[in-house]
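# Structure assessment
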4 protein chains.
Amino acid sequence: MKTTVSIAGASGYTGAELLTLLLRHPNVEVAHVYAHTSAGKKIAAERPALAKVTELSYEPLDAAGNDDSEVVFVSLPHGESQKIIPQFIGKKRIIDLGGDFRLRSADAYSRYYRSEHTAQELIGHAVYGMPELNGVEIKSSSFVANPGCYPTSAILALAPLAAAQLLPPRVGIVSLSGVSGAGKTPSPATHFPEANESVSAYKVGTHQHTPEIEQALSVLAGSDITRRLYRICFP
Amino acid sequence: MKTTVSIAGASGYTGAELLTLLLRHPNVEVAHVYAHTSAGKKIAAERPALAKVTELSYEPLDAAGNDDSEVVFVSLPHGESQKIIPQFIGKKRIIDLGGDFRLRSADAYSRYYRSEHTAQELIGHAVYGMPELNGVEIKSSSFVANPGCYPTSAILALAPLAAAQLLPPRVGIVSLSGVSGAGKTPSPATHFPEANESVSAYKVGTHQHTPEIEQALSVLAGSDITRRLYRICFP
Amino acid sequence: MKTTVSIAGASGYTGAELLTLLLRHPNVEVAHVYAHTSAGKKIAAERPALAKVTELSYEPLDAAGNDDSEVVFVSLPHGESQKIIPQFIGKKRIIDLGGDFRLRSADAYSRYYRSEHTAQELIGHAVYGMPELNGVEIKSSSFVANPGCYPTSAILALAPLAAAQLLPPRVGIVSLSGVSGAGKTPSPATHFPEANESVSAYKVGTHQHTPEIEQALSVLAGSDITRRLYRICFP
Amino acid sequence: MKTTVSIAGASGYTGAELLTLLLRHPNVEVAHVYAHTSAGKKIAAERPALAKVTELSYEPLDAAGNDDSEVVFVSLPHGESQKIIPQFIGKKRIIDLGGDFRLRSADAYSRYYRSEHTAQELIGHAVYGMPELNGVEIKSSSFVANPGCYPTSAILALAPLAAAQLLPPRVGIVSLSGVSGAGKTPSPATHFPEANESVSAYKVGTHQHTPEIEQALSVLAGSDITRRLYRICFP
């Protein structure tokens, strides 16, 4: 008996990678894929490699309200998943790949994401989906907020020190991420000739992944640590 | 006594590279730089590495009509240099880095560039600026049309065979070019995650550099050869 | 009930990739891995990512003679797999990832690989392991010779034309391969500063994959076609 | 009247780049190039792009003792330039591109380079060749030790803070360098498939460029600062 799953935001880089994995999964049936600009197109039209694997078409995001699958993955830019997720609560299992429900503090959210959260009643309800730390809770949770890229690299590296109360007073974190992390929309800063074979620092000290790292390390340390990323680089 | 030069289209990749070279040249004085979207800005605002080298600002392209320098380089997309160059004829030396005046046939131009040439009276007036072939003519010419990237790689490689009448009946050319050749404007096809560490064929058999190669090789062979690029790749 | 498999040549790039896939396979049990220079080491010492996945150590290649698994993969340089494979014939299923048993002509082998084949009695006994062409035979065969990289790209692209007798008299093939295809041993030609962001042609017209392509297309066309790769590029 | 110059170690990446620049320099005449493994070969045999620019051949390093040019550049691995430079002292101007004469402390040298310096009487005699800091001294010096790659990036960035006594108690430096910095000799760590599109930390806290940075910043600060590179990355 296969589990039926849907993906909201299936045409971005993250959603497409997820889709490819789920289409191969022996115990999963992909029921619906929802997308914004790709709505109405066949998946195969955008991803020729999947032409023999699925007949599905992208449905408009609005149609997700009537979704009949057991699990929905949400792979939308931040600010967008908070609009779509409330309607799924209590109806199915939700796995959010975006940043909207990782933080447990509405203040930290508005400060770092520079906008008010529109589903504040759900803040703090998701399990932080890092298997190495929360494997047991993830299994039984019906709402999982998956970690960001920089937090994954920083939290896993610092977790043993945090758990042993050995974090020094200040920790500098330098993480490097690929340009695909900035998504599918071309921009001058991620244009090939500008970004190739190079790195550049961005959002130094203000990156929205900062409070996510602080939050996870505070849980591990058993006390509030408010440290700061000095730098995040970007190749 | 330095030669005064100006650049029309100085903020694109080609124009900026040219500008950097000319600013260092011991016998050249850069008098004016003209640009479209960058008009009004200091060069140093876009190219911090030139901050200590020049105080110039980009002037609007329209101002090029009053240019008072001895030589003007034109580094504009095709279709644009044919609008600006007629006003310079007879007044100064012109070196065009674009494709508008390389071909000697208005028909070939309209077929491959898919638009009518708006300065047909100047077609065939420029010397094709490939020093290995036309070094003498370039020196005395007041209007030079510099070669494209793919033609340079193909013509120089095939020139000895063409001159010796040894070109086989059909020649397949596979040229690879960097993404910067597509210019400064971001697009989905040249977005970093799509283009990195990969190649893709484009404009197979229809690339606008095809007649430029055919024309140069025909001159060398002393007879009309109309061959065709089979493929042009693009990393 | 899992199938037991072994890998001879498990520490090269190909063997290590294969090992990673097999260790995750739900119906496979990796029984032994054999290697030359890595013999005696734990797999985890060379591949830290597999530390929690396997306790196996590399055994010396000589020990493969006593191998007790049902299937053996051979992932050795050409010239090496012909030494080790004869002892497995009739005892277990063999899947060779190298070039020694792809060709059905000893002459073609010696001409392109520039050495005499030392197991000539086995030439022509392996099924060519290209699933798109030989899926049925592969399933029942106990000796499979997997295709090379360039042949895979060329044969799959040209197969429809060959089967429809539409191959033109001469076919030029330009294939580009990654540097990892040249294996794990550093060399001047594949040194990073020499190879990065560049391509270079090698073995033009003499590459050992040429007869492999000719052979597969001849089978598809139903007649002998002896064409030639004009070029193989190498990024 | 051109200045005659020679290069000892002209076939490595640094020496070859230098050679290309000097061959184009209007006021320089390259008199001799010396090399180890390339001795006896024409430059053009190793660098085809220079075939029309020079007729010179590499001479053996031993022949440098009889060098008759006014300036000698030394571009040898550390440990090697200290063997060759003493014979040039007092006879000609020396510009060393290696690390042997940058440090003013024999102790720091032996600790970080892990060997005894064999020309201790010359330690401290060279001007540190960073034009932004020592432009005046460089002009009149007959012995210049050019800076390393990481020190250039770190010293120029921190110089204003050091000069203003604003360096914090601890400074973490993360520098990224290209693989070509490791030279022309292939090795497993710099093999293309291992190094491409990746970074890896090396010599953390022990890199031989550490004391070079400390020394330059101490001069600027007017007091001894012994800080430490936390990390140096390597793409």
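Conventions used here
- Along each chain, numbering runs from 1 in the same order as the chain's sequence is written.
- Each chain gets a letter, beginning with A, and each ligand a number, beginning with 1, in the order they are written.
- Reporting in this predicted model follows two pLDDT cut-offs: at least 70 for local features of residues, and 80 or more for side-chain atom pairs to be given and counted; totals over whole chains, interfaces and linings ignore these cut-offs and use all residues.
- Numbered from the N terminus, helices here are DSSP runs of H or I no shorter than four residues, and strands are runs of E no shorter than two.
- Computation of the radius of gyration draws on C-alpha atoms alone. For the globule rule, the value is 2.2 Å times the number of residues to the power 0.38.
- Once C-beta atoms are placed from the backbone, each residue is buried if 20 or more other C-beta atoms lie within 10 Å of its own, exposed if 12 or fewer, and partly exposed for counts between those two.
- Once C-beta atoms are placed from the backbone, any two residues with those atoms within 7 Å are in contact.
- The predictor attaches a confidence to each residue, called pLDDT, with possible values from 0 through 100.
- Superposing copies: least-squares fit, C-alpha atoms only, residues required to have pLDDT of at least 70 in both.
- In this description, strands pair whenever DSSP reports at least two bridges between them.
- All residues other than Ala, Val, Leu, Ile, Met, Phe, Trp, Tyr, Cys, Pro, Asp, Glu, Lys and Arg, Gly among them, are scored as polar; the first ten of these are nonpolar and the last four charged.
- An axis is simply a line fitted to the C-alpha atoms; with a helix, the fit covers only the stretch in contact. Between two such axes, the angle follows the N-to-C directions and lies from 0 to 180 degrees.
- Should an angle lie under 35 degrees it is considered roughly parallel, over 145 roughly antiparallel, and from 65 to 115 roughly perpendicular; all remaining angles are considered oblique.
- Crossings are classed by handedness, with left-handed meaning an anticlockwise turn of the near helix from the far one by less than a right angle and right-handed meaning a clockwise turn.
- What counts as a domain boundary in this text is fixed by an automatic or database domain assignment.
- Note on terminology: a nonpolar core is a set of buried residues of type Ala, Val, Leu, Ile, Met, Phe, Trp, Tyr or Cys, with members joined through C-beta atoms within 7 Å.
- A crossover counts as right-handed when, viewed with the strands pointing away from the observer, the path leading from the first strand over the helix to the second turns clockwise.

### Comments concerning the overall build of chain A
Regarding its fold elements, chain A presents 8 helices and 10 strands. Against the compact-globule benchmark of 18 Å for 235 residues, chain A has a radius of gyration of 19 Å, which places it among compact chains. When the backbone C-alpha atoms are referred to their principal axes, chain A occupies close to 55 × 45 × 35 Å. The proportion of buried residues among the 235 residues of chain A is 35%. For chain A, contacts bridging at least 24 residues in sequence account for 60% of all contacts bridging at least 6.

### Let's talk about the confidence of the model for chain A
Residues and elements named next belong to chain A. For chain A, the mean per-residue pLDDT works out to 92, and 96% of the residues sit at or above 70. This model gives residues 228-235 a pLDDT under 50, and the stretch forms 34 contacts once residues within four places in sequence are excluded. Listed scores for the predicted complex are pTM 0.88 and ipTM 0.83.

### Quick notes on the arrangement of the chains
Considering only C-alpha positions, the minimal separation of the non-contacting chain A and chain C is 9 Å. No interface is formed between chain B and chain D, the nearest pair of C-alpha atoms being 9 Å apart.

### Describing the relation of the copies chain A and chain B
Here chain A sits on chain B after a turn of 180 degrees about the axis and a move of 0.0 Å along it, with an RMSD of 0.0 Å. Read as a symmetry element, the transformation amounts to a two-fold axis. Using C-alpha coordinates, one finds that chain A approaches the rotation axis most closely at phenylalanine 192 of chain A, a distance of 2.2 Å.

### Some thoughts on the pairing of strand E5 (residues 93-96) of chain C
Residues and elements named next belong to chain C. Taken together, the 4 bridges between strand E4 (residues 71-74) and E5 define a ladder with parallel strand orientation. The residue bridging valine 71 from the neighbouring strand is arginine 93, located in E5. Two elements, E5 and strand E7 (residues 143-145), share 3 bridges in a ladder whose sense is parallel. Each bridged residue has a counterpart across the sheet, and for isoleucine 94 the counterpart in E7 is phenylalanine 143.

### Details of the interface of chain D and chain A
Listed by partner, the interface residues are 4 residues for chain D and 4 residues for chain A. Broken down by class, the residue content of the side of chain D that touches chain A amounts to 3 nonpolar, 1 polar and no charged.

### As for the packing of helix H6 (residues 149-163) of chain A against helix H8 (residues 210-221) of chain A
Residue and element names in this part refer to chain A. Following both chains from N to C, one finds H6 and H8 inclined at 25 degrees, their axes separated by 9 Å at the closest point. It follows that H6 is roughly parallel to H8 by the angle criterion. Crossing of H6 over H8 shows right-handed handedness. Across from Pro151, Ala154, Ile155, Leu158, Ala159, Ala162 and Ala163 in H6, the residues of H8 making contact are Glu212, Ile213, Ala216, Leu217, Leu220 and Ala221. Residue composition of the contact of H6 with H8, grouped by class: 12 nonpolar, no polar and 1 charged.

### Overview of the interface of chain A and chain B
Contact residues are listed per partner, giving 12 residues for chain A and 12 residues for chain B. It is helix H7 (residues 192-195) of chain A that provides the largest number of residues to the side of chain A that touches chain B, a total of 3 residues.

### Digging into the sheet that holds E7 of chain C
Within the open sheet, the 7 strands sit side by side as E3-E2-E1-E4-E5-E7-E6 (chain C). Their pairing is parallel. Pairing within the sheet leaves two strands with one partner each, and these edge strands are strand E3 (58-60) and strand E6 (127-128) of chain C.

### A closer look at the sheet that holds strand E3 (residues 58-60) of chain D
Read from one edge of the open sheet, 7 strands run E3-E2-E1-E4-E5-E7-E6 (chain D), paired in parallel fashion. For this open sheet the edge positions go to E3 and strand E6 (127-128) of chain D, each flanked by a neighbour on one side alone.

### Side note on unusual backbone geometry
Of note in the backbone geometry, glutamate 197 of chain A takes a positive phi value of approximately 55 degrees without being a glycine. Mapped onto the secondary structure, glutamate 197 of chain A falls in the loop between H7 and strand E9 (200-201).

### Concerning the domain arrangement of chain A
Residue and element names in this part refer to chain A. One can read the domain layout of chain A as domain 1 (3-145) and domain 2 (149-234). Its C-alpha centre places domain 1 at a distance of 23 Å from the equivalent point of domain 2. Contacts between domain 1 and domain 2 engage 13 residues on the former and 12 residues on the latter. The set of elements that each furnish at least two residues to the side of domain 1 that touches domain 2 consists of helix H4 (106-113) and helix H5 (131-140). Element by element, the count of residues in the side of domain 1 that touches domain 2 is highest for H4, at 3 residues. Classifying every residue of the side of domain 1 that touches domain 2 gives 8 nonpolar, 2 polar and 3 charged.

### As for the environment of alanine 35 of chain C
Residue and element names in this part refer to chain C. Relative to the helices and strands, alanine 35 resides in strand E2 (residues 28-35). For alanine 35, a count of 25 C-beta atoms within 10 Å puts it in the buried group. Along the primary structure alanine 35 and glycine 12 are separated by 23 residues, whereas in three dimensions their C-alpha atoms are 8.5 Å apart. For alanine 35, the contacting residues outside a window of four places in its chain are Gly9, Ala10, Ser11, Tyr58 and Leu61.

### Side note on the nonpolar core
Ranked by internal contacts, the top residues of the largest apolar core, which has 86 residues, are Val33 and Val74 of chain B together with Val33 and Val74 of chain C. Sequence-distant contacts of valine 33 of chain B, defined by excluding residues within four places in its chain, comprise Ser6, Ile7, Ala10, Leu19, Ile43, Leu56, Tyr58 and Glu59 of chain B.

### Structural notes on the environment of serine 105 of chain A
Along the chain, the position of serine 105 of chain A falls in the loop between strand E5 (93-96) and H4. Once the C-alpha coordinates of serine 105 of chain A and isoleucine 123 of chain A are considered, the two residues, 18 residues apart in sequence, prove to be 7.1 Å apart.

### Some details on the pairing of strand E2 (residues 28-35) of chain D
Residues and elements named next belong to chain D. Relative to E2, strand E1 (residues 3-8) runs parallel, the two sharing 6 bridges. Across the sheet, residue valine 5 finds its bridge partner in E2, namely valine 30. A crossover connection joins E1 to the parallel E2 through helix H1 (residues 13-24); in handedness this β-α-β unit is right-handed. Pairing analysis gives 3 bridges linking E2 to E3, with the strands arranged parallel. Note that in E3 the partner of tyrosine 34 across the bridge is glutamate 59.

### Considering the environment of glutamate 197 of chain C
Judged by C-beta crowding, with 11 C-beta atoms within 10 Å, glutamate 197 of chain C ranks as exposed. In the structure, glutamate 197 of chain C is positioned 154 residues away from isoleucine 43 of chain C in sequence and 32 Å away in space, judged by C-alpha atoms.

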